[in-house]
Amino acid sequence: ALLENDLHHAIERGQLSLYYQPIIDLVSGEVSGMEALLRWHHPEYGFISPGIFIPLAEETGLIHSIGRWVLRKACLQSKRWQEEGFRPIRMSVNISMKQLQERDFHQHIKSILDESGLEPQFLELEVTESTIMQNEQTVIENLTQIKALGVRISIDDFGTGYSSLSYLKRFDVDTLKIDKSFIHDLPDHHYGHVITTAVISIAHSLNMNVVAEGVEKEEQWKCLESIKCDAAQGYLFSPPSSVETLQPLLETGR
Ligand code: G
Ligand code: G
Ligand code: NA
Ligand code: MN
């Protein structure tokens, strides 16, 4: 309850910040996107992982205000990078199921795009398999309206839930992000290799992009290139980092 009270004040006290982790195109080798990852710097406890406070925010309803803060901040940052002369970079934002259950969520997305001036094709919302498989009217309506705006949808941690690929295509999902547990096994373990190759093949035949998460080793990168994965993300290239830390990396790709 104490932590909950602190979280309640985290935005106004300026304790939340966004880190960004680059997503690299495996063909061009260039940064093609950034994933926004929330950080909470608590005055007493230091950095608290989103793995801990996001579930708390979902239970208490604070996710609605925090989620809006994240979306606005991420869109403004993406636009700012464009204004600084960098090639447009797609911004991926993690979205909780609770947010897609807000009736006016799609209108909120629209107003953030209007305010920031970010073109809709440069915003991608990351949702989990369980969110998209949710057969709730509000969630379906939001996803449909968001796609109609021209915003992209990606499935986070793909392979850990129970979704059918054809169902995802019906929702016009743009990107599958293969969970790092499968990538971890590359290139030596037969299982990870078979699963990853199969997912890429089916995704491509349905016109979806594939991003591999958690790429930590050169051999994993090479393997993903050889099986025609589209993009990769992980510590090998860069951990989630502050805007200032990412500046030199962006300069080189300018
Ligand atoms: O950055 P890190 O690996 O610690 O993230 C842990 C988890 O928190 C991941 O599952 C990530 O998707 C989630 N997460 C990070 N930032 C956000 C956010 O802004 N909103 C939501 N809903 N989840 C986030
Ligand atoms: O659930 P989601 O995919 O959003 O979680 C992303 C989490 O994975 C973040 O907490 C991020 O810090 C972490 N992460 C990013 N790259 C790597 C990596 O190469 N290896 C591992 N183990 N974790 C990573
Ligand atoms: Na995520
Ligand atoms: Mn993710």
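Residues numbered from 1 in each chain as written. Chains lettered and ligands numbered in written order. Predicted model: local features only at pLDDT ≥ 70, side-chain atom pairs only at ≥ 80, totals over all residues.

J.: I would appreciate a short explanation of the pairing of strand E6 (residues 152-158) in the present structure.
T.: One face of the sheet, then the other: side chains in a regular strand alternate in exactly this way. Among the seven residues that make up E6, five are buried, leaving the element largely enclosed by the rest of the structure. Here strand E5 (residues 123-128) runs beside E6; their pairing, made up of five bridges, is parallel. Residue pairing for E6: valine 127 is matched across the bridge by isoleucine 155. Note that the unit made of E6, helix H8 (residues 165-170) and strand E7 (residues 175-178) has a crossover that is right-handed. (Buried ≥ 20, exposed ≤ 12 C-beta atoms within 10 Å, placed from the backbone. Helix = DSSP H or I, 4+ residues; strand = E, 2+ residues; numbered from the N terminus. Pairing = 2+ DSSP bridges. Right-handed = clockwise from strand over helix to strand, strands pointing away.)

J.: I'm lost on the environment of leucine 18 in this one. Help?
T.: Mapping leucine 18 onto the fold places it in strand E1 (residues 16-25). Leucine 18 gets classed as partly exposed once you count the C-beta atoms within 10 Å, which come to 19. Along the sequence, leucine 18 and serine 241 sit 223 residues apart, while their C-alpha atoms lie 8.5 Å from each other. Discounting chain neighbours no more than four positions away, the residues touching leucine 18 are Ala36, Leu37, Leu38, Val70, Lys73 and Ala74. (Contact = placed C-beta atoms within 7 Å.)

J.: Quick question: what am I supposed to make of the nonpolar core here?
T.: Buried together is how nonpolar side chains tend to be arranged in soluble globular proteins. Residues Met91, Val210 and Ala232 are the most contacted members of the largest nonpolar core, which totals 61 residues. Sort the elements by how many residues they give to this core and helix H3 (residues 63-83) lands first, with seven residues. In contact with methionine 91, not counting residues within four places along its chain, are Met34, Ala36, Ala74, Cys75, Ser78, Phe122, Leu123 and Glu124. (Core = buried A, V, L, I, M, F, W, Y, C linked by C-beta atoms within 7 Å.)

J.: Please clarify how the site of ligand 1 should be interpreted in this entry.
T.: For ligand 1, the full set of nearby residues is Leu37, Leu38, Ser49, Pro50, Gly51, Ile54, Val70, Asn94, Ser96 and Pro240. Sort the elements by how many residues they give to the shell around ligand 1 and helix H2 (residues 50-60) lands first, with three residues. Here the shell around ligand 1 is composed, by residue class, of six nonpolar, four polar and no charged. (Near = placed C-beta within 6 Å. Nonpolar A, V, L, I, M, F, W, Y, C, P; charged D, E, K, R; others polar.)

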